[in-house]
Amino acid sequence: MATISNSLPLKHGISLWCPQHASLNRIRFPSSFGSPASTRRYSVVSCAFANENREFVIVGGGNAAGYAARTFVEHGMADGKLCIVTKEAFAPYERPALTKAYLFPLDKKPARLPGFHTCVGSGGERQTPDWYKEKGIEMLYEDPVTGIDTEKQTLTTNSGKLLKYGSLIIATGCTASRLPDKIGGNLPGVHYIRDVADADSLISSLGKARKVVVVGGGYIGMEVAAATAGWKLDTTIVFPEDHLLPRLFTPSLARRYEEFYQENGVKFVKGASIKNIEAGSDGQVTAVKLENGSTLEADTVIIGIGAKPAVSPFESVSTNTTVGGIQVDGQFRTSVPGVFAIGDVAAFPLKMYNRIARVEHVDHARRSAQHCVNALLTAKTHLYDYLPYFYSRVFEYEGSPRKIWWQFFGDNVGETVEIGNFDPKIATFWIDSGKLKGVLLESGSPEEFQLLPKLARSQPHIDIAKLQKASSVEEALELAHASLSAGAAV
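Residues numbered from 1 in each chain as written. Predicted model: local features only at pLDDT ≥ 70, side-chain atom pairs only at ≥ 80, totals over all residues. Heavy atoms only, no water.

1. Details of the overall build of the chain
1) Next: Counting its regular elements, the chain contains 10 helices and 25 strands.
2) Next: When the accessible surface of the chain is totalled, it reaches about 19800 Å², and 49% of it is carbon and sulfur. (Helix = DSSP H or I, 4+ residues; strand = E, 2+ residues; numbered from the N terminus. Areas by Shrake-Rupley, 256 points an atom, 1.4 Å probe, with all protein chains shown as cover.)

As structure tokens, then:
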């Protein structure tokens, strides 16, 4: 998750993931989007994969593609009709594992494929390559799409294949933001994590590493640093902000997590920017030089500074210049008939907050895929109504003194109330104009976590003074639950 690097004041809430000027963020679409009936069309073509014709084509091989494939199967519309084209060598998998269990120390039971193919992340069936064969789904691996002709409804792949589609779903996700070559952004020993190959390369380096520098204090930085701490490596996180995960965490909340990381041997250099990454005579990384003139010794550097929507080669398909990505409506239709976009790459109407958003998170990838395919294959016309949800799980390897698991639902807008001391749990509530807008909970029970989306979606009126006086997280959640119940009774 965590997307656009542009930072905005905290009061703008979830728009920090989907930044947009107020004058631009009302939901409007050009007439070219049309009505559901006018834009839903099928070019039913030959399903014989011996030629270039495919009825449905998904471009991309990540979470969204895997969940879309499952939904096609559930409708009986996959066998001999669906083709997935991906640049990866693997069938779709649950990408969040790459910065979590995949990076566990080798003696701590790290995750490996086929263990985390979609859709195991949501409790579904494990869709291995054999699953796609059994369901009659054509998979084109390691062959990215390089061109599109929307008039002829054709795609060109890197290997020269020409694919004709009836309906196209773009699920290309994002690419990692990279440091420039001129400052050492691609030296041997510098790593980015976006796919299995990236993670395998990092693991190879960690096996020989002594000093690790993680650049970036967001999701990737926090999760990777937690993993390298498990490897017992000298780890330093460097970031330009004042505290961890500033798009979501308040300074007080961030301090709790920073203290925990420090207890596990992780060091922080805050308010610092990278000048360049230095290499030795053998070309390998030796140090990270900061703009303030200081130098951090390092033999492994991991860059986690955000991501960019992977729009290419679909720039001609209604791109959004504000939040990035491909503009869609509430059913994930682009302005080009028969072309859809889902997951991280889609700029969609965030209905409950009445603004356009682009969310880089596995939950949205799953839900947008299911909604899009359901809308494509049935007469359902209801609009996607997404509730923003983010989470992280770290320090879960065997022998860790404590597992960290937090969940956030809603919008981080308004004033905050923090309850708890992090040991054993902590909760932060965002309240705006007397309404509960968002809530984050660390180390909650299953029942407590289940309450969070109900609170965030209902946005009950809540007595801030009473909430501030709560003596425990449990009492605070009970007060919020009572407000929820009171609101329903009105």
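2. Focus on the sheet that holds strand 19 (residues 346-350)
1) Next: Across the sheet, 3 strands lie side by side as 17-19-20; this open sheet has mixed pairing. Bordering the open sheet on either side are strand 17 (326-327) and strand 20 (355-357), each of which pairs with just one other strand.
2) Next: Here strand 19 pairs with strand 20 via 3 bridges, running antiparallel. In the strand pairing of strand 20, Leu350 is matched with Arg355. (Pairing = 2+ DSSP bridges.)

3. Things to note about the environment of Val57
1) Next: Its location among the elements puts Val57 in strand 1 (residues 53-59).
2) Next: We classify Val57 as buried; its relative accessible area is 1%.
3) Next: C-alpha separation for the pair Val57 and Lys164, spaced 107 residues apart in sequence, amounts to 8.6 Å.
4) Next: Leaving out residues up to four positions away in the same chain, Val57 has contacts with Cys83, Val85, Leu155, Tyr165, Ser167, Leu168 and Ile169. (Buried < 20%, exposed > 50% of the residue type's maximum accessible area, 1.4 Å probe, protein only. Contact = heavy atoms within 4.5 Å.)

4. Let's talk about helix 4 (residues 196-206)
Because each turn of an α-helix spans 3.6 residues, side chains separated by three or four positions end up pointing in the same direction.
1) Next: The complete set of buried residues in helix 4 reads Val196, Ala199, Leu202, Ile203, Ser205 and Leu206.
2) Next: If you follow the buried residues of helix 4, they end up packed against strand 8 (190-191), strand 9 (211-215), helix 5 (219-230) and strand 15 (300-303).
3) Next: N-capping of helix 4 is provided by Asp195, with a side-chain oxygen placed 3.2 Å from the backbone N of Ala197. (Polar contact = N/O pair within 3.5 Å; in protein donor to acceptor, adjacent residues only side chain to side chain.)

5. A short note on unusual backbone geometry
1) Next: Here Thr118 and Cys119 are connected by a cis peptide whose omega angle stands at 15°.
2) Next: Mapped onto the elements of the fold, Cys119 is located in the loop between strand 2 (82-85) and helix 3 (129-134).
3) Next: Cis geometry marks the peptide bond from Asp423 to Pro424; its omega dihedral reads 20°.
4) Next: Position of Pro424 relative to the elements: it lies in the loop between strand 23 (415-420) and strand 24 (426-432).
5) Next: A positive phi angle, close to 65°, is found at Lys232, a residue other than glycine.
6) Next: Note that Lys232 resides in the loop between helix 5 and strand 10 (234-239).
7) Next: The class of Lys232 is exposed, set by a relative accessible area of 74%.
8) Next: Of note, the phi angle at Ser318 is positive, near 40°, even though the residue is not glycine.

6. Points about the sheet that holds strand 9
1) Next: If you walk across this open sheet you meet the 5 strands as 8-15-9-10-11, and the pairing is parallel. Of all strands in the sheet, those bounded by a partner on one side alone are strand 8 and strand 11 (266-270).
2) Next: Strand direction decides the pairing type here: strand 8 and strand 15, joined by 2 bridges, are parallel. Paired with Val190 across the bridge in strand 15 is Val301.
3) Next: Packed on one face of the sheet, helix 4 meets strand 8, strand 9 and strand 15 and runs near 150° to strand 15. (Axes fitted to C-alpha atoms, helices over the stretch in contact; angles between N-to-C directions.)

7. Considerations on the pairing of strand 5 (residues 154-157)
1) Next: As paired strands, strand 4 (residues 145-149) and strand 5 are joined by 4 bridges and run antiparallel to one another. Bridge pairing links Asp149 to Thr154 in strand 5.
2) Next: Turn length for the strand 4-strand 5 hairpin, with the two strands adjacent in sequence and antiparallel, is 4 residues, and the turn residue Gln153 shows positive phi of about 55°.
3) Next: Pairing of strand 5 with strand 6 (residues 162-170), which is carried by 3 bridges, proceeds in the antiparallel orientation. The residue bridging Thr154 from the neighbouring strand is Lys164, located in strand 6.

8. Re helix 6 (residues 251-263)
1) Next: Along its 13 residues, helix 6 runs 18 Å from first to last C-alpha, staying within 8% of the 18 Å computed at 1.5 Å per residue.
2) Next: Listed as buried for helix 6 are Leu253, Ala254, Arg256, Tyr257, Glu258, Phe260 and Tyr261.
3) Next: Looking one or two residues past helix 6, Gly265 carries a phi angle of roughly 90°, positive in sign. (Expected span 1.5 Å × (residues − 1).)

9. Looking at the environment of Gln284
1) Next: Of note, Gln284 is situated in the loop between strand 12 (274-279) and strand 13 (285-290).
2) Next: Distance from Gln284 to Leu187, taken between C-alpha atoms, is 6.6 Å for residues 97 residues apart in sequence.
3) Next: With residues up to four places along the chain from it excluded, the contact list for Gln284 reads Pro188, Gly189, Glu278 and Ala279.

10. With respect to the packing of helix 2 (residues 63-74) against helix 7 (residues 362-377)
1) Next: In the contact formed by helix 2 and helix 7, the axes pass within 8 Å of each other and the chain directions differ by 35°. In this structure, the crossing between helix 2 and helix 7 has a hand that is right-handed. Mapping the contact onto sequence places Asn63, Ala64, Tyr67, Ala68, Arg70, Thr71 and Phe72 in helix 2 and Val362, Ala365, Arg366, Ala369, Gln370, Val373, Asn374, Leu376 and Leu377 in helix 7.
2) Next: When grouped by side-chain class, the residues that make up the contact of helix 2 with helix 7 number 10 nonpolar, 4 polar and 2 charged. (Left-handed = near helix turned anticlockwise from the far one by under 90°. Nonpolar A, V, L, I, M, F, W, Y, C, P; charged D, E, K, R; others polar.)

11. Observations regarding the layout of surface pockets
1) Next: Quantified by volume, the second largest pocket comes out at close to 880 Å³.
2) Next: Lining the second largest pocket are 37 residues, with Gly121, Ser122, Val362, Arg366 and Tyr391 sitting closest to its centre.
3) Next: When contributions to the lining of the second largest pocket are tallied by element, the ones reaching two or more residues are helix 2, helix 7, strand 21 (389-394), strand 22 (404-410) and helix 8 (446-458).
4) Next: Looking at which element gives the most residues to the lining of the second largest pocket, the answer is helix 7, with 8 residues.
5) Next: Considering only residue class, the lining of the second largest pocket consists of 17 nonpolar, 9 polar and 11 charged. (1 Å grid on protein atoms, 1.4 Å probe; cavity = no way out; pocket = protein on both sides within 12 Å on 5 of 7 lines; lining within 4 Å. Points joined across faces, edges and corners; volume = space filled by probe spheres on them.)

12. Quick notes on the confidence of the model for the chain
1) Next: Of the residues in the chain, 89% reach a pLDDT of 70 or more, and the chain-wide mean stands at 90.
2) Next: Predicted confidence is poor over residues 1-32, with pLDDT under 50, and the contacts of this stretch with residues over four places away or in other chains come to 85 contacts.
3) Next: The model gives residues 34-50 a pLDDT under 50, and that stretch makes 42 contacts with residues more than four places away or in other chains. (pLDDT = per-residue confidence, 0-100.)

13. Thoughts on the pattern of salt bridges
When the charged atoms of two side chains lie near each other, side chains of opposite charge can form a pair.
1) Next: Throughout the structure, instances matching the rule amount to 24 salt bridges.
2) Next: For Arg70, the salt bridge goes to Glu74, with nearest N and O atoms at 3.8 Å. Of the two residues, Arg70 and Glu74 are both situated in helix 2; the distance of 4 residues between them amounts to about one turn of the helix.
3) Next: Residue Asp385 pairs with Arg457 through a salt bridge whose shortest N-O separation is 3.3 Å. Here Arg457 lies in helix 8 and Asp385 lies in the loop between helix 7 and strand 21, a separation of 72 residues in the sequence.
4) Next: Through salt bridges with shared partners, a single network forms among Lys211, Asp234 and Lys267. (Salt bridge = Lys/Arg side-chain N within 4 Å of Asp/Glu carboxyl O.)

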